[in-house]
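# Topology and contacts: notes
Below are the chains, spelled out letter by letter.
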Amino acid sequence: MAEAADSQGMTPSPARRWFRRTAALLVGAPLFAGLLSATAAPAAHAAEDAVSGQSVQVSLDSMAPKAPVKSDTLTISGTVTNKGKQAVTGAHVGIRMGQKLSGRSAIDEAVNHSDSPSGNDGAEISDGPTVTFAKLDTGISQEFTLSVPVAKLGLGDDGVYQLGVALSGQTGHQRYDQVLGIQHTLLPWQPDAVEGKKSQLTFLWPLISTSHLTAQTGSDAQQTPVFADDSLARDIGPGGRLEQMVSLGKQLPVTWVIDPDLLATVDAMTRNYKVKDGDTLVNGTGQDLAKAWLSALEAAVQGEKVVALPFADPDLASLAHHGRDVPGSLGHLQTATEVAQKTIDTILHVTPTVDYSWPVDGAVDPSIVDVATSAGAHNVIARSDSLRDTALSYTPTAARPIGAGANALVADARLSTAFQGDMSMANTSTLAVQQFLAQTLAITLQDADKQRSVVVAPQRMPTVSQAQSMAAALHALDPQRWTQPLVDLTAAATAKPDPLATTRVPGPGAYPDALRQQELPLNAFQDMKNTQGTLERFKVILTASDRVVTPFGNAINREMSTSWRGNSGGAQNYRSGVQLYLNGLADQVHLIQKSTATMSGRSATIAVTVQNKLVQGVDHLVLRIQPKSPTRLQLGEDGAAIGEQPVKVDGDRSQSVKFTATANANGPVPVTARLYTEDGTPYGEPMEFTVQVSEITSTVMLVIAGGVLLLVLAGIRMYTHRKRATARDEVPEDGDGPGTSNGSADTDPGQPSDPTPDTGPESGATPGPGEKVDH
């Protein structure tokens, strides 16, 4: 009846209306809740996917070929690892092909999010290869290999494509298929040779190491070198960093950039050398390794372009920002440049160019450019993140004039830093190689009608894995589809500059703070100045100065090395060690200490001893003594206040130097003795001693005079007695002559007062041995 009434338009009572509304709410509530649940489920799953989307780590360990053509089959190998807290079931790995990336910035963006899901991932390749895993427990890794004909990838125009390898599966909380992990990489696609002009690529291949040699050498004729450690033997040995750089580099179209100090150090290892082991020296063991490495390097660089850095690779930025404030610092750069060419020519028998300077990371400002070119280098290897071309939509040619006759070679920052990560991980190396190839293709495709010269200046001391990754990338460019090698750095430096490229060197404020904090401080250059001063004073007295000047000059150059960046403590210890050892050598020539010299009488000789403990002799020294009271003690015949004598002492000998002194008063007189070089520069520390003067008194003079008088009288007496005896012996037997009377001899038996003769009677017999005959 109620329904009939409603249908007929009858108005229900208020109670009935309330009842009907309540019933409707009670009936509709479950339906509404179900509707909300159904609507919220996809959103919740999406949120869970975002959280758990990287619960599985996907690593790409290899990719071949790295730059495929249409007829190739692309093979990707890798590893999946469950990093989540739940097991993964029903999982499989597949390939997802993304869209072509529009330019170098898009490549950068893809690299920065290489392990995150992207809107450019695309769908998994239909009928593409997959690898399934029934169950992947937490913490477990599984390897996979996917091979697919390139024709199935659906690639279009030439360019760089984003390729993803994803693992899809289910978890206990999410029982539906979803992407649980993905790894993107870059696929350069250019199946045929570029129709336009290829980019010319110059890749620098650096042979640089840290400092290993100390300033210390043996005292033998060969001056046996002393190494701080024997780690260089490992680096040049089989599988070592420098061994790999040579063995890989000889197969690549690269420009060799060599620190002459490394060659000089390895050359020193080919002979006997010592290694510090605490406070003792032990024999080095790397002679055969050094000979083999130098032989391999000499063969590798024959006919190739070789660039010589200044000796020990000095830190140009530190010199510019701190060293210029210390007089003489820039002179070391000039010396390091001069010795560079000779060192490489002598050891490798090739003539390098020394016309290039390479600031750290290619970061420059006006002061760095000034210092870099001050030693004669006209080309500065900079980097594009320092000399920025913000107004250009393409990458310009590397060479460009920067004023004052200087030229900048602006290396591409993206390519130069592509291999700075931990390349020991296969996934990291694979991604870096693909990124490098993608960036080189993107440069060429920016404007195929312009042929540009691109320079790559990688890190100074690549690790083994970094070197291997760089070599892999360069080998992938061997087909020369979009690049061609330009191994002559001079050709890159003389290429026609792009007229729109910036030539303005950034100001000092643009220099990176991180690099500035690693620079050698001002006191480092003050230490070098002090060491150089000590060396200058020391060498002038040596008879074979080259035995000291050469090792210490090289040591000072090593104190400026770029390799000390990030190791300020090691740099300070090295400088202190050099100065300490040089001081020790200089102190081997010194005055032997004396406290008192006694002088009896008004005139005497004062002796001062100079000792030389060096193996070689010393010369051109002057010993000067000076009494503090010149009125009481004068020196020399002219009574000077200061006495000077030249000094020359053979090796491992002592020399006594004597001065005539005249005293004018009794008592102690302080005297200072000191060595000087011939130009008047003090050498060593002064020595002070006391001359104790004991002058002769009047009483002593009377006693001495009396003694002398008695000796004279005794002599006269003896002479008279002998004369009388001789006269008696000469009287004639017939009595003629004096002393005779009436034919009888007048003899004198002797006076009672005459003393007994103190000599025996003379004899005409032949004297015996040892007898003195008095005629």
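Residues numbered from 1 in each chain as written. Predicted model: local features only at pLDDT ≥ 70, side-chain atom pairs only at ≥ 80, totals over all residues. Heavy atoms only, no water.

This part covers the overall build of the protein chain. The helix and strand inventory of the protein chain stands at 19 helices and 31 strands. When each of the 775 residues of the protein chain is scored for burial, the buried share is 44%. In the protein chain, the share of contacts with a sequence separation of at least 24, taken over all contacts with a separation of at least 6, comes to 78%. Accessible surface, the protein chain as shown: approximately 38500 Å² in total, 52% of it carbon and sulfur. (Helix = DSSP H or I, 4+ residues; strand = E, 2+ residues; numbered from the N terminus. Buried < 20%, exposed > 50% of the residue type's maximum accessible area, 1.4 Å probe, protein only. Contact = heavy atoms within 4.5 Å. Areas by Shrake-Rupley, 256 points an atom, 1.4 Å probe, with all protein chains shown as cover.)

Look at the link from Ala64 to Pro65: it is a cis peptide, with omega at -10°. Topologically, Pro65 is positioned in the loop between β1 (56-64) and β2 (73-82). Located in the positive-phi region is Gln223, a residue other than glycine, with phi close to 50°. Relative to the helices and strands, Gln223 resides in the loop between β9 (213-217) and β10 (225-227). Backbone geometry places His620, a non-glycine residue, at a positive phi of 60°. With respect to the helices and strands, the residue His620 is situated in strand β24 (residues 618-627). Relative accessible area serves as the criterion here: at 35%, His620 is assigned to the partly exposed category.

Our focus in this paragraph is the packing of helix α6 (residues 260-269) against helix α7 (residues 287-301). Packing of α6 against α7 brings their axes to within 7 Å, and their N-to-C directions diverge by 135°. Taken as axis vectors, α6 and α7 run oblique relative to one another. By crossing handedness, the relation of α6 to α7 is classed as left-handed. Across the interface between the two elements, Leu262, Leu263, Val266, Asp267 and Met269 from α6 touch Gln287, Ala290, Trp293, Leu294 and Leu297 from α7. Residues that form the contact of α6 with α7 fall into these classes: eight nonpolar, one polar and one charged. (Axes fitted to C-alpha atoms, helices over the stretch in contact; angles between N-to-C directions. Parallel < 35°, antiparallel > 145°, perpendicular 65-115°, else oblique. Left-handed = near helix turned anticlockwise from the far one by under 90°. Nonpolar A, V, L, I, M, F, W, Y, C, P; charged D, E, K, R; others polar.)

Next up on the list: empty space enclosed by the protein. This model, assessed by the stated rule, comprises four cavities of 30 Å³ or more. Put simply, the largest cavity is a space of about 70 Å³. Contributing to the lining of the largest cavity are 13 residues, with Pro310, Thr337, Val354, Tyr356 and Ala377 lying nearest its centre. Of all the secondary structure elements, the ones that give two or more residues to the lining of the largest cavity are α9 (329-348) and β15 (356-357). Broken down by element, the lining of the largest cavity gets its largest block of residues, three residues, from α9. Along the lines of polarity and charge, the residues of the lining of the largest cavity split into 11 nonpolar, two polar and no charged. Counted as a void, the second largest cavity has a volume near 40 Å³. (1 Å grid on protein atoms, 1.4 Å probe; cavity = no way out; pocket = protein on both sides within 12 Å on 5 of 7 lines; lining within 4 Å. Points joined across faces, edges and corners; volume = space filled by probe spheres on them.)

On to the packing of aromatic side chains, then. The tally for this structure, following the rule as stated, stands at six aromatic pairs. Seen from their ring centres, Phe419 and Phe436 are 5.4 Å apart, and the 45° between their planes marks the pair as tilted. In this pair, Phe419 is assigned in the loop between α11 (413-416) and α12 (426-446) and Phe436 in helix α12, connecting sequence segments 17 residues apart. With relative accessibility at 1%, the residue Phe436 sits in the buried group. Among the aromatic side chains, those forming a connected cluster through ring pairs are Phe203, Trp205, Phe419 and Phe436. For the cation-ring pair, Lys594 lies above Phe689, with the distance from its terminal atom to the ring centre recorded as 5.2 Å. (Phe/Tyr/Trp six-rings, centres within 6.5 Å; stacked < 30°, edge-to-face > 60°. Lys NZ or Arg CZ within 6 Å of the ring centre and 35° of its normal.)

What follows concerns the environment of Pro508. If you trace the backbone, Pro508 turns up in the loop between α14 (489-493) and α15 (513-516). Classification of Pro508 by relative accessible area gives exposed; the value is 53%. For the pair Pro508 and Pro366, spaced 142 residues apart in sequence, the C-alpha to C-alpha distance is 7.2 Å. Contacts of Pro508, omitting those with residues within four sequence positions, involve Asp365, Pro366 and Arg516.

Counting 74 residues, the largest nonpolar core has Phe538, Leu623, Leu633, Leu675, Phe689 and Val691 as its most contacted members. Here this core takes six residues from helix α18 (residues 568-586), the largest share from any one element. Once residues within four sequence positions are removed from consideration, Leu633 is found in contact with Met599, Ile606, Pro627, Ala661, Thr662, Ala663, Val669, Val671 and Val691. Within the second largest apolar cluster, 65 residues are counted, among which are Leu242, Ile258, Ala418 and Leu477. (Core = buried A, V, L, I, M, F, W, Y, C linked by side-chain atoms within 4.5 Å.)

A word on the confidence of the model for the protein chain. Residues shown with low pLDDT carry predicted positions that ought not to be read at fine detail. For the protein chain, per-residue confidence averages 86 on the pLDDT scale, and 84% of positions sit at 70 or higher. Contacts from residues 1-53, a stretch scored under 50 in pLDDT, to residues over four places away or in other chains number 22 contacts. Contacts for the low-pLDDT stretch residues 731-775, under 50 throughout, to residues beyond four places or in other chains number 13 contacts. (pLDDT = per-residue confidence, 0-100.)

Time to look at the pattern of salt bridges. On inspection of all chains with the given rule, the structure shows 15 salt bridges. The closest approach of N and O atoms between Lys135 and Asp137, which form a salt bridge, is 3.6 Å. The class of Lys135 is exposed, set by a relative accessible area of 52%. Judged by relative accessible area, which is 37%, Asp137 ranks as partly exposed. In this structure, Glu536 and Lys539 form a salt bridge, with 3.2 Å as the shortest nitrogen-oxygen distance. In this pair, Glu536 and Lys539 both sit in helix α16 (residues 522-539), three residues apart, roughly one turn of the helix. Bridged by salt links that share partners, the residues Asp315, Glu519 and Arg565 form one connected network. (Salt bridge = Lys/Arg side-chain N within 4 Å of Asp/Glu carboxyl O.)

Before going further, it helps to spend a moment on the side chain of Thr202. With respect to the helices and strands, the residue Thr202 is situated in strand β8 (residues 199-207). Looking at Thr202, its side chain comes within polar contact range of the main-chain oxygen of Leu486, at 2.7 Å. Residues within four places of Thr202 in sequence aside, it is in contact with Thr255, Val454, Val455, Val456, Leu486, Leu489 and Ala492. (Polar contact = N/O pair within 3.5 Å; in protein donor to acceptor, adjacent residues only side chain to side chain.)

For helix α17 (residues 546-559), which comprises 14 residues, the first-to-last C-alpha distance of 20 Å matches the rise-based estimate of 20 Å (1.5 Å per residue) to within 8%. Turning to α17, its buried residues number three or more, namely Val548, Pro551, Phe552, Asn554, Ala555, Ile556, Asn557, Arg558 and Glu559. (Expected span 1.5 Å × (residues − 1).)

Quick look at the sheet that holds β24 now. The five strands are arranged β22-β29-β28-β24-β26 in an open sheet whose pairing can be described as mixed. Looking along the sheet, the strands with just one partner apiece sit at the ends: β22 (596-600) and β26 (643-649). Strand-to-strand twist across the sheet, computed as the mean angle between neighbouring axes with direction ignored, equals 30°. By the bridge criterion, nine bridges tie strand β28 (residues 667-677) to strand β29 (residues 682-694) in an arrangement that is antiparallel. Its bridge partner being in β29, Ala673 is matched across the sheet by Met687. (Pairing = 2+ DSSP bridges.)

Side chains of β22 alternate between two faces, with Ala597 and Met599 buried and Thr596, Thr598 and Ser600 left unburied. With five bridges joining them, β22 and β29 adopt parallel strand pairing. Bridge assignment links Thr598 to a residue of β29, and that residue is Gln692.

A word on the pairing of strand β17 (residues 399-403). By the bridge criterion, four bridges tie β17 to strand β18 (residues 406-411) in an arrangement that is antiparallel. By the bridge assignment, Gly403 is partnered in β18 with Ala406. Hairpin remark: β17 followed by β18, antiparallel, with two residues in the connecting loop; positive phi at Ala404, about 55°.

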